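# Results of the structural survey
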Amino acid sequence: MTTTLTQAAAEPSTAQGATGTGPRDAVVRSVPQKAQRTTPVLAAGRRVASFAGSAVWKSAAILAFLALWELGPIYLASPSTRVFLPPLHEVLLAWGKLFEAGTIQSHIAASLTRSVAGFGAALAAGVSLGLLIAWYGKLNSVLNPLLELFRNTAALALLPVFTLLLGIGEESKISIVAYAAFFPVLLNTIAGVKTVDPLLIRAARSLGLNSFRLFQKVILPSAVPTIFTGIRMAGTASILVLIAAEMVGAKAGLGYLIVNAQSSFLIPDMYAGILTVSLLGLGVNFLLVALERHFSRWRTAVGADAS
């Protein structure tokens, strides 16, 4: 009798479990569906919060510097010092006026034209000659003393020479930029080729690769990170040397803007030009880093496959 009652009591629950239509099963099924809806939203929110926190942390030093620039001249400096060190908002207002008048755009265009021309010439000559010097040992032994002599000669020290030989026009400025950017590219190209793993070269030769294919498939991909280190150094040098060259005998450019504002006692305009140079250099560096990542994607792919 007891066994019969137990089986009868168990039959409804067994039937509900088989059909899956019981109220308890409906609750259990609804919980994963709700979790599936909220999980992507929570994950996206966490990623956004993590990215925002990382961005604030990385920019904390810059924000502190900007706050000091804004508050320091007002509350810490004397009125006479504030004339020569205006707060940040006055500099930004001056930059806005220059932008509205179209002045800052014309100076940026003049500086970028000269910098890109000189940097491009240095890039083409530096990479080509660096590959030749690194590949042919005799050429390296012949040219290395001369290269060391010019490498240790400051570019700005030769600015009067370039001005005397080429005049005060565009040729002298582009040439001094090319000279300053040439040696970082050249030396890092040589170092990049020389640091290629010899086992890779032997393996490529054993597979029957000729010199051109060896350069294309082994040498250049392995040397790209070191070459781009020199390219980034050259990009910074091209801007800095150009600004100094534009301060002498130029009628346009950011260097001319800075020195002209200083001589005219337009101090906020002078700082606006300096701030523009800093932002321009930062933008060039970001662009070169993006190009380096693009040309070094094979390293990321190999690392992902290995892991």
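Residues numbered from 1 in each chain as written. Predicted model: local features only at pLDDT ≥ 70, side-chain atom pairs only at ≥ 80, totals over all residues. Heavy atoms only, no water.

### Digging into the overall build of the protein
The line we're drawing: Secondary structure is summarised from DSSP: a helix means a run of H or I of at least four residues, a strand means a run of E of at least two, and numbering begins at the N terminus for each. Whether a residue is buried, partly exposed or exposed follows from its accessible area with a 1.4 Å probe, protein chains only, as a fraction of its type maximum: under 20%, in between, or over 50%, in that order. Per-residue and other accessible areas follow the Shrake-Rupley method at a 1.4 Å probe size, with only the shown protein chains counted as cover for residues.
In terms of regular secondary structure, the protein is built from 14 helices and 0 strands. For the protein, buried positions account for 31% of its 307 residues. As presented, the protein carries roughly 19,100 Å² of accessible surface, and 69% of it is formed by carbon and sulfur atoms.

### With respect to the pattern of salt bridges
Pairing is possible between side chains that carry opposite charge, provided their charged atoms lie close to one another. What counts, and what does not: The working definition used for a salt bridge is a side-chain nitrogen of Lys or Arg within 4 Å of a carboxyl oxygen of Asp or Glu.
Here the structure, examined in full by the defined rule, presents 4 salt bridges. Here Glu-90 and Arg-82 are joined by a salt bridge, their closest N and O atoms 3.2 Å apart. A salt bridge links Glu-148 to Arg-151; its shortest N-O distance comes to 2.8 Å. In this pair, Glu-148 and Arg-151 are both assigned in helix 7 (residues 137-151), 3 residues apart and thus about one turn of the helix distant. Of the residues examined, Glu-148 reaches a relative accessible area of 28% and is grouped as partly exposed.

### Quick look at the side chain of Glu-246
Cut-off, in case you're wondering: We define a polar contact as two N or O atoms separated by no more than 3.5 Å, with the added condition that, inside protein, one atom must be a possible hydrogen donor and the other a possible acceptor, whereas residues neighbouring each other in sequence contribute only through side-chain atom pairs. The criterion used for residue contact is that any of the two residues' heavy atoms lie within 4.5 Å.
With respect to the helices and strands, Glu-246 occurs in helix 11 (residues 211-246). For Glu-246, a relative accessible area of 0% puts it in the buried group. Here Leu-254 takes part through its backbone nitrogen, which lies 3.2 Å from a polar atom of the side chain of Glu-246. In contact with Glu-246, not counting residues within four places along its chain, are Ala-110, Ser-111, Arg-114, Lys-173, Ala-252, Gly-253, Leu-254, Gly-255 and Tyr-256.

### Concerning the packing of aromatic side chains
Quick note on the threshold: Each Phe, Tyr or Trp ring (for Trp, its six-membered ring) is paired with any other whose centre lies within 6.5 Å, and the angle between the two planes then decides the class: stacked below 30 degrees, edge-to-face above 60, tilted in between.
Throughout the structure, instances matching the rule amount to 7 aromatic pairs. An aromatic cluster is defined as three or more aromatic residues linked by ring pairs; in this entry it consists of Phe-162, Tyr-179, Phe-182 and Phe-183.

### Section: the nonpolar core
Let me state the cut-off plainly: Among the buried residues, those of types Ala, Val, Leu, Ile, Met, Phe, Trp, Tyr and Cys that are joined through side-chain atoms within 4.5 Å form a nonpolar core.
Among the nonpolar cores identified, the biggest contains 39 residues, and Ile-176, Leu-186, Ile-219 and Ile-231 are the most heavily contacted of them. Of all the secondary structure elements, the ones that give two or more residues to this core are helix 6 (103-135), helix 8 (159-166), helix 9 (170-194), helix 10 (198-206) and helix 11. No other element matches helix 11, which puts 13 residues into this core. Look past the residues within four positions of Ile-231 in its chain and what remains in contact with it is Phe-119, Leu-123, Val-185 and Leu-288. Judged by nonpolar contacts, the second largest core, of 17 residues, contains Leu-98, Tyr-271, Ala-272 and Val-277.

### Re the environment of Gly-253
Tracing the backbone through its elements, the reader meets Gly-253 in the loop between helix 11 and helix 12 (254-263). The buried category is assigned to Gly-253, whose relative accessible area is 0%. Filtering out sequence-adjacent residues up to four positions away, Gly-253 remains in contact with His-107, Ala-110, Ser-111, Arg-114 and Glu-246.

### Points about helix 9
Inclusion rule: Every helix has an expected span of 1.5 Å times one less than the residues it contains. Bend, at a single residue, is the angle you get between axes fitted to the 7 residues ending at that residue and the 7 residues starting at it.
Between its terminal C-alpha atoms helix 9 stretches 36 Å, which fits the 36 Å expected from 25 residues at 1.5 Å a residue. By the largest-angle criterion, Phe-182 marks the main kink of helix 9, which is about 25°, and a proline, Pro-184, follows within four residues. For helix 9, the tally of buried residues reaches 18 of 25 residues, placing the bulk of the element in the interior.

### Focus on unusual backbone geometry
For Phe-265, which is not glycine, the phi torsion reads 60° and is therefore positive. Locating Phe-265 in the fold gives a position in the loop between helix 12 and helix 13 (267-295).

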